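What follows is each chain in one-letter form.
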Amino acid sequence: MATGSSGVVIVTGAGGEMGHALIPHLLAAGKRVVAADLRAPTSPWPDGVRAATGDIRDRAFVKTLADAWGEGPIEAVYHLAAVLSSAGERNPELAHEVNVMGTMHLLSLAAERGTPGHPPLVLFPSSIAVYGLHDLDAKRNAGALHEEEHLDPRTVYGLGKLAGEELGGYYARYYRQLDPQGPRRAVDFRSIRFPGILSADTLPSGGTSDYGPEMLHAAAKGEPYRCFVRPDARIPFMTMPDAIRAIEAIAAAPVSRLSRRVYNVGAFAPSAAEIAELVTRHFPRARIDFSPHPARQAIVDSWPEDVVDHAARRDWHWTPTHDFESAFAEYLVPRITSRYAAAVR
Ligand SMILES: NC(=O)c1ccc[n+]([C@@H]2O[C@H](COP(=O)([O-])OP(=O)(O)OC[C@H]3O[C@@H](n4cnc5c(N)ncnc54)[C@H](O)[C@@H]3O)[C@@H](O)[C@H]2O)c1
């Protein structure tokens, strides 16, 4: 995974859902990992990981990350830390500082601490929140979106992700363009626009696609769930293992194969009612009702029904392993069931 040099691999937001799923893969590939997060780890990381606790808004903290394993170059940055969409609407200034300025701090660090001639990989998980459809009719008429369409985000989170994508492109092409030797390719920036992600192991918080995983985890715990969007609300989702596979695939792709820096990835695109129906099929005692929250509903209505991911399929052979049915039958339900059974034993 990642590039061929043997520097450190920095993972920001390491304590979050995606960080927990990604780090074991980095360790299995023999990487030395710096796991950075605002929150101290709740349990010790395994050998091969050094924890760094601090705020990516703090440039001085970010500068220390490269040295957590002693002096040496940065091989890759997996920049996962972010304030998610619903949390961002509650505090837009914080979201901008973390999602835009924090991203800039990590890009600057990677640009300054790579091996000369070997720019560090910077992997940036973007989101379908970069898209913005004006109303439900526009959403239904647009159908699945290509990467260039409807980039008119409704949330400060979506704006920040779009800015992060553009800043990454800037560091990859124009960084220090007024230097006498001209611009340098300071980072190898690659970004994936993820749909909502369903994990069996962790629960999200602060996102607006959270109704999918929340519905399922509540049913597995035997708790009632009140869904904050309408039954007909539809956006794309994928499983966490597929999200990690996508990260591994784009990170491993030869640069010559990449026709763009930012890629859509899709897997399945159920309505909230279809998720509730499948949850109820697997957990017949599930108690799910719908009580749409108008503002969160409006955000989901601005996100596309689905995405076109032809470029990812062509350039780095993206294919999800889970469709909607198999995501539940083969991954989510067995793992969630044993997880909560173990918790109550
Ligand atoms: N989970 C999804 O459905 C989804 C979908 C699309 C994109 N993404 C993106 O993937 C990435 C990871 O998402 P996740 O689901 O793991 O989110 P998460 O909320 O579980 O994890 C984010 C982590 O970032 C940390 N963080 C927040 N502010 C910080 C700061 N100022 N300094 C240092 N750390 C900070 C948090 O403590 C948290 O551990 C994010 O960039 C997110 O935007 C996630």
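Thoughts on the overall build of the protein
When helices and strands are counted, the protein shows twelve helices and 13 strands. Scaling as 2.2 N^0.38, a compact globule of 345 residues should have a C-alpha radius of gyration of about 20 Å, and the protein matches this with 20 Å. Based on the C-alpha atoms only, the size of the protein along its principal axes is roughly 65 × 50 × 40 Å. Within the protein, the fraction of its 345 residues that count as buried is 49%. For the protein, the share of sequence-separated contacts (at least 6 apart) that also reach a separation of at least 24 residues comes to 77%.

Regarding the site of the ligand
Close to the ligand lie 29 residues, the nearest being Gly13, Gly16, Met18, Ala82 and Phe194. Among the secondary structure elements, those contributing two or more residues to the shell around the ligand are helix H1 (17-28), helix H4 (92-112), strand E5 (121-127) and strand E8 (196-198). Counting residues per element, the shell around the ligand draws most heavily on H1, which supplies three residues.

Focus: unusual backbone geometry
In this structure, His150 takes a positive phi of about 50° despite not being glycine. Mapped onto the elements of the fold, His150 is located in the loop between strand E6 (144-145) and helix H6 (156-173). The residue Arg176 is not glycine, and still its phi comes out positive at about 55°.

Here's the deal with the nonpolar core
Most often, soluble globular proteins have nonpolar side chains that are buried together. The biggest cluster of nonpolar side chains holds 103 residues, and the ones touching the most others in it are Val11, Met215 and Val279. When residues of this core are assigned to their parent elements, the largest contribution, seven residues, is made by H4. Non-local contacts of Met215, meaning those with residues more than four positions away in its chain, are made with Tyr225, Cys227, Ile275, Ala276, Val279 and Ile288.

Thoughts on the pairing of strand E1 (residues 8-12)
Counting buried positions over the five residues of E1 gives five, a clear majority of the element. Alignment of E1 against strand E2 (residues 32-37), held across five bridges, turns out to be parallel. Bridge pairing in E2 links Val8 to Arg32. This β-α-β element, E1 to H1 to E2, shows right-handed connectivity. As defined by bridge partners, E1 adjoins strand E4 (residues 74-79) across five bridges and the pair is classed as parallel. Pairing of Val11 across the sheet is with Tyr78, part of E4.

Points about the sheet that holds E4
Here we have seven strands laid out as an open sheet, ordered E3-E2-E1-E4-E5-E7-E11, and parallel in their pairing. Since the sheet does not close on itself, it has two edges, and those belong to strand E3 (49-53) and strand E11 (262-264), each with one partner. The average angle at which neighbouring strand axes cross in this sheet is 20°, direction not considered. Docked against the sheet, H1 engages E1, E2, E3, E4 and E5, running at close to 170° with respect to E2. Contacting E1, E4 and E5, H4 crosses the sheet at an angle of about 170° to E4.

Topic: helix H7 (residues 211-221)
The element H7 is largely enclosed, with a buried count of ten among its eleven residues. Within the span of H7, buried status applies to Tyr211, Gly212, Pro213, Glu214, Met215, Leu216, His217, Ala218, Ala219 and Ala220. With its phi angle positive at about 80°, Gly222 sits one or two positions after the end of H7.

Overview of the packing of H7 against helix H9 (residues 272-282)
The interhelical angle for the contact between H7 and H9, taken along N-to-C directions, is 20°, at an axis separation of 10 Å. Classified by the interaxial angle, the pair formed by H7 and H9 is roughly parallel. As for how H7 packs across H9, the hand of that crossing is right-handed. Facing H7, whose interface residues are Tyr211, Gly212, Met215, Leu216 and Ala219, H9 presents Ala272, Ile275, Ala276 and Val279. Partitioned by chemical class, the residues of the contact of H7 with H9 number eight nonpolar, one polar and no charged.

Conventions we followed
- Residues numbered from 1 in each chain as written.
- Predicted model: local features only at pLDDT ≥ 70, side-chain atom pairs only at ≥ 80, totals over all residues.
- Helix = DSSP H or I, 4+ residues; strand = E, 2+ residues; numbered from the N terminus.
- Rg over C-alpha atoms; globule rule 2.2 N^0.38 Å.
- Buried ≥ 20, exposed ≤ 12 C-beta atoms within 10 Å, placed from the backbone.
- Contact = placed C-beta atoms within 7 Å.
- Near = placed C-beta within 6 Å.
- Core = buried A, V, L, I, M, F, W, Y, C linked by C-beta atoms within 7 Å.
- Pairing = 2+ DSSP bridges.
- Right-handed = clockwise from strand over helix to strand, strands pointing away.
- Axes fitted to C-alpha atoms, helices over the stretch in contact; angles between N-to-C directions.
- Parallel < 35°, antiparallel > 145°, perpendicular 65-115°, else oblique.
- Left-handed = near helix turned anticlockwise from the far one by under 90°.
- Nonpolar A, V, L, I, M, F, W, Y, C, P; charged D, E, K, R; others polar.

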